[in-house]
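Structural features, examined
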Amino acid sequence: GEAAAKQMIDLLAKAGKTEGKIQVMSYVAGVGSEVGRVGGFNDYIKANSKFTLLETQYSNSDMPTALNQTTNVLQANPDLVGIFGANEPTAIGMARAISEAGLSGKIVAIGFDGNSALAGFVKDGTLNTIIVQSSYNMGYLGVKTAYDVAFGGKTVEPYVDTGFLLVTKDNID
(Lines give C-alpha, C1' and ligand atoms only; values in the text may rest on other atoms or scores of the structure.)
Protein backbone atom coordinates (compact mmCIF):
# COMPACT_ATOMS: atom_id res chain seq x y z
CA GLY A 1 0.00 0.00 0.00
CA GLU A 2 2.79 2.40 0.87
CA ALA A 3 4.58 1.64 -2.41
CA ALA A 4 1.36 2.39 -4.32
CA ALA A 5 0.98 5.70 -2.47
CA LYS A 6 4.59 6.70 -3.18
CA GLN A 7 4.06 5.87 -6.85
CA MET A 8 0.79 7.84 -6.87
CA ILE A 9 2.46 10.93 -5.39
CA ASP A 10 5.42 10.65 -7.78
CA LEU A 11 3.21 10.29 -10.86
CA LEU A 12 0.96 13.15 -9.80
CA ALA A 13 4.01 15.35 -9.17
CA LYS A 14 5.27 14.56 -12.70
CA ALA A 15 1.85 15.72 -13.93
CA GLY A 16 2.29 18.97 -11.96
CA LYS A 17 -0.26 18.10 -9.27
CA THR A 18 0.39 18.46 -5.54
CA GLU A 19 -3.24 18.71 -4.41
CA GLY A 20 -6.55 17.19 -5.42
CA LYS A 21 -8.85 14.25 -4.79
CA ILE A 22 -7.75 10.62 -4.67
CA GLN A 23 -10.18 7.71 -4.56
CA VAL A 24 -9.43 4.29 -3.09
CA MET A 25 -11.43 1.40 -4.51
CA SER A 26 -11.13 -1.52 -2.12
CA TYR A 27 -12.64 -4.96 -1.71
CA VAL A 28 -13.65 -6.24 1.76
CA ALA A 29 -13.22 -3.96 4.77
CA GLY A 30 -11.11 -5.38 7.55
CA VAL A 31 -9.53 -8.32 5.70
CA GLY A 32 -5.83 -8.57 6.60
CA SER A 33 -4.50 -7.86 3.13
CA GLU A 34 -6.97 -5.00 2.69
CA VAL A 35 -5.92 -3.41 5.98
CA GLY A 36 -2.28 -3.51 4.87
CA ARG A 37 -2.85 -2.28 1.33
CA VAL A 38 -5.45 0.40 1.95
CA GLY A 39 -4.17 1.36 5.39
CA GLY A 40 -0.61 1.66 4.10
CA PHE A 41 -1.79 3.68 1.10
CA ASN A 42 -3.98 6.04 3.12
CA ASP A 43 -1.44 6.55 5.91
CA TYR A 44 1.32 7.42 3.44
CA ILE A 45 -0.87 9.82 1.43
CA LYS A 46 -2.02 11.59 4.62
CA ALA A 47 1.49 11.89 6.04
CA ASN A 48 3.30 12.89 2.86
CA SER A 49 0.99 14.97 0.69
CA LYS A 50 -1.77 17.54 0.52
CA PHE A 51 -4.07 15.24 -1.45
CA THR A 52 -7.60 14.62 -0.16
CA LEU A 53 -8.70 11.01 0.22
CA LEU A 54 -12.35 10.42 -0.62
CA GLU A 55 -14.35 7.83 1.30
CA THR A 56 -13.12 4.34 0.41
CA GLN A 57 -15.48 2.30 -1.75
CA TYR A 58 -15.82 -1.47 -1.12
CA SER A 59 -16.72 -3.81 -4.00
CA ASN A 60 -16.63 -7.12 -2.09
CA SER A 61 -14.12 -8.26 -4.74
CA ASP A 62 -16.84 -8.11 -7.39
CA MET A 63 -15.66 -6.66 -10.70
CA PRO A 64 -19.09 -5.41 -11.91
CA THR A 65 -19.67 -3.72 -8.54
CA ALA A 66 -16.25 -2.03 -8.77
CA LEU A 67 -17.04 -0.91 -12.33
CA ASN A 68 -20.34 0.64 -11.23
CA GLN A 69 -18.82 2.25 -8.14
CA THR A 70 -15.95 3.70 -10.15
CA THR A 71 -18.34 5.01 -12.80
CA ASN A 72 -20.28 6.79 -10.06
CA VAL A 73 -17.11 8.18 -8.46
CA LEU A 74 -15.83 9.49 -11.80
CA GLN A 75 -19.17 11.17 -12.56
CA ALA A 76 -19.43 12.71 -9.09
CA ASN A 77 -15.79 13.89 -9.05
CA PRO A 78 -14.76 15.27 -12.43
CA ASP A 79 -11.78 16.85 -10.64
CA LEU A 80 -10.42 13.48 -9.44
CA VAL A 81 -6.63 13.30 -9.94
CA GLY A 82 -5.86 9.75 -8.78
CA ILE A 83 -7.44 6.38 -8.09
CA PHE A 84 -6.15 3.16 -6.51
CA GLY A 85 -7.73 -0.28 -6.98
CA ALA A 86 -6.62 -2.49 -4.12
CA ASN A 87 -7.14 -5.99 -5.56
CA GLU A 88 -7.54 -7.75 -8.91
CA PRO A 89 -11.32 -7.73 -9.48
CA THR A 90 -11.64 -4.22 -8.08
CA ALA A 91 -8.75 -2.91 -10.21
CA ILE A 92 -10.22 -4.51 -13.35
CA GLY A 93 -13.64 -2.94 -12.73
CA MET A 94 -11.97 0.38 -11.93
CA ALA A 95 -9.89 0.28 -15.13
CA ARG A 96 -12.89 -0.62 -17.29
CA ALA A 97 -14.83 2.33 -15.85
CA ILE A 98 -11.91 4.68 -16.51
CA SER A 99 -11.62 3.44 -20.08
CA GLU A 100 -15.38 3.62 -20.71
CA ALA A 101 -15.42 7.20 -19.38
CA GLY A 102 -12.67 8.19 -21.83
CA LEU A 103 -10.33 9.05 -18.96
CA SER A 104 -7.44 6.71 -19.77
CA GLY A 105 -4.24 8.66 -19.26
CA LYS A 106 -6.09 11.65 -17.81
CA ILE A 107 -6.01 10.54 -14.17
CA VAL A 108 -3.31 8.61 -12.36
CA ALA A 109 -4.58 5.07 -11.87
CA ILE A 110 -2.83 2.30 -9.95
CA GLY A 111 -4.04 -1.26 -9.50
CA PHE A 112 -2.97 -4.10 -7.25
CA ASP A 113 -2.37 -7.66 -8.52
CA GLY A 114 -1.58 -8.85 -11.98
CA ASN A 115 -3.29 -10.77 -14.74
CA SER A 116 -3.61 -10.38 -18.50
CA ALA A 117 -6.51 -7.91 -18.23
CA LEU A 118 -4.58 -5.62 -15.88
CA ALA A 119 -1.47 -5.94 -18.05
CA GLY A 120 -3.56 -4.83 -21.03
CA PHE A 121 -4.72 -1.77 -19.11
CA VAL A 122 -1.09 -0.88 -18.37
CA LYS A 123 -0.13 -1.33 -22.02
CA ASP A 124 -2.99 0.87 -23.26
CA GLY A 125 -2.32 3.59 -20.67
CA THR A 126 -5.50 3.19 -18.62
CA LEU A 127 -3.45 2.11 -15.59
CA ASN A 128 -0.12 3.78 -14.90
CA THR A 129 1.10 1.01 -12.62
CA ILE A 130 0.09 -2.32 -11.18
CA ILE A 131 1.59 -3.68 -7.97
CA VAL A 132 2.32 -7.36 -8.57
CA GLN A 133 3.17 -9.80 -5.82
CA SER A 134 6.01 -12.25 -6.43
CA SER A 135 4.16 -15.54 -6.85
CA TYR A 136 7.47 -17.36 -7.34
CA ASN A 137 8.78 -16.10 -4.00
CA MET A 138 5.46 -16.88 -2.30
CA GLY A 139 5.69 -20.51 -3.37
CA TYR A 140 9.43 -20.94 -2.96
CA LEU A 141 9.76 -19.18 0.39
CA GLY A 142 6.55 -20.78 1.69
CA VAL A 143 7.82 -24.28 0.99
CA LYS A 144 11.36 -23.43 2.18
CA THR A 145 10.04 -21.98 5.43
CA ALA A 146 7.80 -25.03 6.05
CA TYR A 147 10.74 -27.34 5.29
CA ASP A 148 13.04 -25.41 7.62
CA VAL A 149 10.54 -25.80 10.48
CA ALA A 150 9.49 -29.41 9.79
CA PHE A 151 12.84 -30.95 8.88
CA GLY A 152 15.53 -28.43 9.70
CA GLY A 153 14.54 -27.74 13.28
CA LYS A 154 14.90 -24.04 12.57
CA THR A 155 13.05 -21.17 14.14
CA VAL A 156 11.71 -18.90 11.43
CA GLU A 157 10.61 -15.30 11.40
CA PRO A 158 6.88 -14.77 11.96
CA TYR A 159 6.77 -12.62 8.81
CA VAL A 160 8.52 -13.41 5.53
CA ASP A 161 8.50 -10.65 2.92
CA THR A 162 8.03 -12.24 -0.50
CA GLY A 163 8.38 -8.97 -2.39
CA PHE A 164 6.50 -7.23 -5.16
CA LEU A 165 7.10 -5.41 -8.43
CA LEU A 166 5.89 -2.03 -9.63
CA VAL A 167 4.86 -2.83 -13.19
CA THR A 168 4.63 0.04 -15.69
CA LYS A 169 4.75 0.38 -19.48
CA ASP A 170 8.52 0.59 -19.16
CA ASN A 171 8.97 -2.87 -17.64
CA ILE A 172 5.80 -4.81 -18.43
CA ASP A 173 7.41 -6.99 -21.08
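Each aromatic ring pair is characterised by the separation of its centres together with the angle its planes make. One pass over the structure, following the stated rule, counts three aromatic pairs. Note on Tyr-136 and Tyr-140: the rings are 6.0 Å apart at their centroids and 5° apart in plane angle, and the pair reads as stacked. Highlighted residues: Tyr-136 and Tyr-140, both in helix 6 (residues 135–150), separated by four residues, approximately one helical turn. A relative accessible area of 61% places Tyr-136 in the exposed class. By relative accessible area, Tyr-140 is classed as partly exposed at 45%. With a centroid separation of 5.2 Å and 40° between ring planes, the pair formed by Tyr-147 and Phe-151 is classed as tilted. On the basis of relative accessible area, Phe-151 is assigned to the exposed category, the value being 64%.

Counted under the stated rule, the structure contains five salt bridges. Across the pair Asp-113 and Arg-37 runs a salt bridge whose closest N-O atoms are separated by 3.8 Å. In this pair, Asp-113 sits in the loop between strand 5 (108–112) and helix 5 (116–123) while Arg-37 sits in helix 2 (residues 32–48), placing the two residues 76 residues apart along the sequence. Between Asp-148 and Lys-144 there is a salt bridge, and its shortest N-O distance comes to 2.9 Å. A residue pair is termed a helical-turn pair when its members lie 3 or 4 positions apart in one helix, as Asp-148 and Lys-144 do in helix 6 at four residues. On the accessibility criterion, Lys-144 (37% relative accessible area) is partly exposed.

Turning our attention to the pairing of strand 6 (residues 129–133). Buried residues dominate strand 6, accounting for four of its five residues. The sheet contact formed by strand 5 and strand 6 spans three bridges and is parallel. For Ile-110, the partnering residue across the bridge sits in strand 6 and is Thr-129. In this view, the connection linking strand 5 to its parallel neighbour strand 6 by way of helix 5 has right-handed handedness. Bridge count between strand 6 and strand 7 (residues 164–167): four bridges; the pairing is antiparallel. Opposite Ile-130, over in strand 7, you have Val-167 as the bridge partner.

Take the nonpolar core next. Ranked by size, the top nonpolar core spans 24 residues in total, and within it Leu-80, Ile-83, Met-94, Ile-98, Leu-127 and Ile-130 carry the most contacts. At the level of secondary structure, the elements contributing two or more residues to this core comprise helix 3 (63–76), strand 4 (80–85), helix 4 (88–100), helix 5 and strand 6. It is helix 4 that provides the largest number of residues to this core, a total of six residues.

On to the side chain of Ser-59. By secondary structure assignment, the location of Ser-59 is in the loop between strand 3 (57–58) and helix 3. For Ser-59, a relative accessible area of 1% puts it in the buried group. If we skip the residues at most four places from it in the chain, Ser-59 touches Ser-26, Tyr-27, Thr-65, Ala-66, Gln-69 and Thr-90.

What follows deals with unusual backbone geometry. Although it is not a glycine, Asn-60 adopts a positive phi angle of roughly 55°. Inspection of the secondary structure puts Asn-60 in the loop between strand 3 and helix 3. Residue Asn-60 is classed as exposed on the basis of its relative accessible area of 58%. A positive phi angle is found at Ser-61, which is not glycine, with a value near 60°. With respect to the helices and strands, Ser-61 occurs in the loop between strand 3 and helix 3.

Conventions adopted
- Residues numbered from 1 in each chain as written.
- Predicted model: local features only at pLDDT ≥ 70, side-chain atom pairs only at ≥ 80, totals over all residues.
- Heavy atoms only, no water.
- Phe/Tyr/Trp six-rings, centres within 6.5 Å; stacked < 30°, edge-to-face > 60°.
- Helix = DSSP H or I, 4+ residues; strand = E, 2+ residues; numbered from the N terminus.
- Buried < 20%, exposed > 50% of the residue type's maximum accessible area, 1.4 Å probe, protein only.
- Salt bridge = Lys/Arg side-chain N within 4 Å of Asp/Glu carboxyl O.
- Pairing = 2+ DSSP bridges.
- Right-handed = clockwise from strand over helix to strand, strands pointing away.
- Core = buried A, V, L, I, M, F, W, Y, C linked by side-chain atoms within 4.5 Å.
- Contact = heavy atoms within 4.5 Å.

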